[in-house]
Amino acid sequence: MGGQIFMNSRNDLFWSEWYIFKYLNSNNAKTPFLHYLREGVKLGFNPNPFFDSKWYMDRYLEVAKSGMNPLVHFINKGADLGYDPHPLFDNKWYKAHYSYLMNSKISSLNHYLKAGFLQGMKTIETETYICKMKIAIIIHAYYEDTIDELFSWFDNIPIDFDLILTIPSEKFNLIKPLVEAKYKNAIIIQCKNSGYDIMSFLELVRNGSLLKYDVVCKLHTKKGETHPNAWRHLLLGGLLGSDDLIKKILTCFFRDPNLMVLGTANTYVDGELHSFENKKNLNEIFKKMYPNSKAPDHWGFFAGTMFWVRPQAYIELATLIETNFSFEEGFYKNDGLLAHAIERLFGLIPTFLHQRIGLTWGRNSDITPTDVEIISEPIGLVNEFNPLLEAHEKKIRSINSLSFDAVLTNESFKNKYIRNEKLTTLISVIMPVYNTDTVLLEACIESVINQTYSNWELCICDDSSNRNEIIETLSKYSFDSRIKIIRSEKNLHIAGAANLAVSISSGDFLAFLDHDDLFHANALREIAIYKIKNPSVDLLYTDEDKVDYDD
């Protein structure tokens, strides 16, 4: 019975094209579903971007003990028990938040994969988790001319944080006033200028300064000789690119205790291919840390040494380096120093310890539409880094006013991204309502609330409905000041009710929505973008698609 249910459901929960693109090559791409059943799950592969096989088994230990495929377990038992399929998916919250699903037979994950994703519906209340976390931002500040740029990303951090800076002695009197002018409560530490940003970070770990934090974000004022702007933009955008991204990052750390370090996917490079002149130092440190152990054959690290990390993760490394090794002083080159070897160890250690590594992707990535991916094995590594930087530098020059999300966007999952502050067109959504099914009515209103474009107002005319549940449903949305509701004393029919709704509107454009229809998550954004590109336009038409009631 279980097998039959699984086979019937595989088109909903198994994304074949995504699985092939992410994990397989052309030689075994013909049977991705069977590959997942036989081999993929053992390798930590996932059936879709929103089901984390390894995390599911770690969280629900009876699944691992049973030996059952985690997706089969979720379909047969887990979904009914309210089990979560992913660190960023709260099964029970999803149904409770979208109350019209409470009596639906379809599981939360099925609904999201079939409809919710395209509607931009939330999968978790991240505020529930991030408010419990204590975090710090750690900066090694050497280049004073990038301080303000780096600080500008902090506006995206959604919770309170401690700011700790280490500043080399020769730059201390120059950089300290710049920091205190913006962050008076910052902890500022004077240090030696050796080991680049690595030595000062390890010292903070070793002396216990960071151990009171759940997670810290390690940064530095990176410049470098090649593509410095691209480096900083790529690294910082993947860690602090938006408040939503940071919320997801912190939620993953809270909900996945095995997540050790997280960074920008496009800087997660193949460790073996990028060992270069560091193999001797790498091998020596590894053997001292793990005598009689063999390093993994396949591993990666975050080039640029900016990442989110649990500070406890590197205590052993910090202690070993402090007592057994010395950072070179007054001698710098691009590769082969102790700091370069430790940069690679930051990635090698979690792989060796079978801990999890987090990757952040630009919005609408071909790899994953979840923004944050957690992996158990080092897959998706970058092999050729310089061409990536060169391409990124060109994009920065051509779109220098757009955010990290814009630079890394393609159009495979959602449409183009342009920052909200550039989209000033107020769109009035006109919606007549008369005795509609409340399940459909709630779904319709939610599809407006969940728009990726926020500069809208929803003008609803209740066309003298004679069912109390209509009034009760509409009153539930009074919390949003963008929703305006007017009631007609007599039935005006659709044209009259629409005109009455227009009378309370104040937008630059009118968009008409029937009470049993849905907006795509990007519908209003596309209208606003088109208006920017074509300022003389007065009328726009958009097409429609069909959605089943059960979706």
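The structure under discussion appears in the preceding block.
Quick caveat: nothing in here was measured; it's all calculated off a predicted structure.

Asks: Report on the overall build of the chain, specifying residues and quantitative values.
Replies: Of the regular secondary structure elements, the chain holds 23 helices and 14 strands. Long-range pairs, those at least 24 residues apart, make up 77% of the contacts in the chain between residues at least 6 apart in sequence.

Asks: Can you lay out the packing of aromatic side chains for me, pointing to particular residues and giving the numbers?
Replies: With the rule as written, the count across this model stands at 37 aromatic pairs. Ring plane angle 50 degrees and centroid distance 5.9 Å describe the contact between phenylalanine 14 and tyrosine 36, whose orientation is recorded as tilted. Residue phenylalanine 14 is located in the loop between α1 (2-13) and α2 (16-23), and its partner tyrosine 36 is located in helix α3 (residues 32-38); the two are separated by 22 residues in the primary sequence. Residue classification places phenylalanine 14 among the buried positions, given a relative accessible area of 4%. For the ring pair tyrosine 60 and tyrosine 83, a centre distance of 3.9 Å and an interplane angle of 0 degrees mean the geometry is stacked. Here tyrosine 83 lies in the loop between α6 (70-81) and α7 (91-97) and tyrosine 60 lies in the loop between α4 (53-59) and α5 (61-66), a separation of 23 residues in the sequence. Since its relative accessible area comes to 12%, tyrosine 60 is described here as buried. Judged by relative accessible area, tyrosine 83 falls into the buried class, the value being 16%. Ring-pair connections join several aromatic residues into one group, and the members of that group are Phe14, Trp18, Tyr19, Tyr23, Phe33, Tyr36 and Phe45.

Asks: Tell me about the pairing of strand β5 (residues 259-264), and please be specific about residues and values.
Replies: β5 sits mainly inside the fold: 6 of its 6 residues count as buried. Here β5 runs beside strand β9 (residues 356-360); their pairing, made up of 5 bridges, is parallel. Across the sheet, the residue bridging to leucine 259 is arginine 356, located in β9. The sheet contact formed by β5 and strand β8 (residues 307-309) spans 2 bridges and is antiparallel. Directly across from valine 261, in β8, lies its bridge partner valine 309.

Asks: How would you explain the nonpolar core if you had to name every residue and give the values?
Replies: By size, the foremost hydrophobic cluster in this structure holds 92 residues, and its most contacted members are Phe154, Leu219, Trp308 and Leu317. In this structure phenylalanine 154 touches Ile137, Ile139, Phe161, Leu163, Tyr183, Leu219 and Leu240, once residues within four positions along its chain are discounted. Ranked by size, the runner-up nonpolar core spans 34 residues in total, among them Phe14, Tyr94, Leu109 and Tyr112.

Asks: Residue-level account of helix α14 (residues 243-255), with values.
Replies: Over its 13 residues, α14 runs 18 Å from end to end, which matches the ideal 18 Å to within 8%, given 1.5 Å per residue. Within α14, 10 of the 13 residues are buried, which leaves it mostly tucked inside the rest of the structure. Leu245, Ile246, Lys247, Lys248, Ile249, Leu250, Thr251, Cys252, Phe253 and Arg255 are the residues of α14 that are buried.

Asks: Which residues make up the sheet that holds strand β10 (residues 372-375), and what are the values?
Replies: Reading across from one edge, β3-β2-β1-β4-β8-β5-β9-β10 is the order of the 8 strands in this open sheet, with mixed pairing throughout. Of all strands in the sheet, those with a lone pairing partner are β3 (187-191) and β10, marking the two edges. Averaged over all neighbouring strand pairs, the angle between strand axes comes to 20 degrees, with direction disregarded. Pairing analysis gives 5 bridges linking strand β1 (residues 135-140) to strand β2 (residues 162-168), with the strands arranged parallel. Opposite histidine 140, over in β2, you have threonine 166 as the bridge partner. Against the sheet, α14 engages β1, β4 (215-220), β5, β8, β9 and β10, with an angle of about 160 degrees to β5.

Asks: How would you sum up the environment of glycine 507? Please name residues and give values.
Replies: Its location among the elements puts glycine 507 in the loop between α22 (493-502) and β14 (509-512). Along the backbone, glycine 507 and asparagine 455 are 52 residues apart, and their C-alpha atoms lie at a distance of 9.4 Å. With residues up to four places along the chain from it excluded, the contact list for glycine 507 reads Leu426, Ser428 and Glu457.

Asks: Hey, could you go over a negative patch on the surface for me, with residue numbers and the actual values?
Replies: Negative charge collects at one region of the surface, where Asp514, Asp516, Asp517, Asp543, Glu544 and Asp545 lie side by side. Within the secondary structure, aspartate 545 sits in the segment after α23 (523-533).

Asks: Residues and numbers for unusual backbone geometry, please.
Replies: The phi dihedral of phenylalanine 276 falls on the positive side, at around 50 degrees, and the residue is not glycine. Given a relative accessible area of 51%, phenylalanine 276 falls into the exposed group. Positive phi values are uncommon outside glycine, yet threonine 305 reaches one of about 50 degrees. Mapping threonine 305 onto the fold places it in the loop between β7 (300-302) and β8.

Asks: Can you break down helix α8 (residues 108-116) residue by residue, with the values?
Replies: Counted residue by residue, α8 has 8 buried out of 9 residues, so it is predominantly covered. Along α8, the residues that are buried comprise Ser108, Leu109, Asn110, His111, Tyr112, Leu113, Ala115 and Gly116.

Asks: Let's hear about the pattern of salt bridges: which residues, and what values?
Replies: Think of it this way: side chains of opposite charge can pair up when their charged atoms draw near. Counting across every chain of the model gives 24 salt bridges. The closest approach of N and O atoms between glutamate 127 and lysine 247, which form a salt bridge, is 2.7 Å. With glutamate 127 in helix α9 (residues 127-130) and lysine 247 in helix α14, this residue pair connects regions lying 120 residues apart in the sequence. Of the charged contacts in the structure, one is a salt bridge between glutamate 144 and lysine 171, with a shortest N-O distance of 3.3 Å. Here glutamate 144, found in the loop between β1 and α10 (147-152), pairs with lysine 171, found in helix α11 (residues 169-182); they are 27 residues apart in sequence, far enough to count as distant. The class of glutamate 144 is partly exposed, set by a relative accessible area of 28%. Salt bridges sharing partners connect three or more residues here, namely Asp52, Asp256 and Arg356.

Asks: Tell me about the packing of helix α15 (residues 279-289) against helix α16 (residues 315-324), residues and numbers included.
Replies: Two elements in contact, α15 and α16, have axes whose closest approach is 11 Å; the angle formed by their N-to-C orientations is 110 degrees. Between α15 and α16, the interaxial angle falls into the category roughly perpendicular. Seen from above, α15 lies across α16 with right-handed handedness. On the side of α15, the interface is formed by Ile285, Lys288 and Met289, while α16 contributes Glu316, Leu317, Leu320, Ile321 and Asn324. The residue inventory of the contact of α15 with α16, partitioned by class, reads 5 nonpolar, 1 polar and 2 charged.

The rules we used
- Residues numbered from 1 in each chain as written.
- Predicted model: local features only at pLDDT ≥ 70, side-chain atom pairs only at ≥ 80, totals over all residues.
- Heavy atoms only, no water.
- Helix = DSSP H or I, 4+ residues; strand = E, 2+ residues; numbered from the N terminus.
- Contact = heavy atoms within 4.5 Å.
- Phe/Tyr/Trp six-rings, centres within 6.5 Å; stacked < 30°, edge-to-face > 60°.
- Buried < 20%, exposed > 50% of the residue type's maximum accessible area, 1.4 Å probe, protein only.
- Pairing = 2+ DSSP bridges.
- Core = buried A, V, L, I, M, F, W, Y, C linked by side-chain atoms within 4.5 Å.
- Expected span 1.5 Å × (residues − 1).
- Axes fitted to C-alpha atoms, helices over the stretch in contact; angles between N-to-C directions.
- Patch = residues over 30% accessible without salt bridge, like charges linked within 9 Å, V, L, I, M, F, W, Y side chains within 5 Å.
- Areas by Shrake-Rupley, 256 points an atom, 1.4 Å probe, with all protein chains shown as cover.
- Salt bridge = Lys/Arg side-chain N within 4 Å of Asp/Glu carboxyl O.
- Lys, Arg positive; Asp, Glu negative; His and termini not counted.
- Charge placed at Lys NZ, Arg CZ, Asp CG, Glu CD.
- Parallel < 35°, antiparallel > 145°, perpendicular 65-115°, else oblique.
- Left-handed = near helix turned anticlockwise from the far one by under 90°.
- Nonpolar A, V, L, I, M, F, W, Y, C, P; charged D, E, K, R; others polar.

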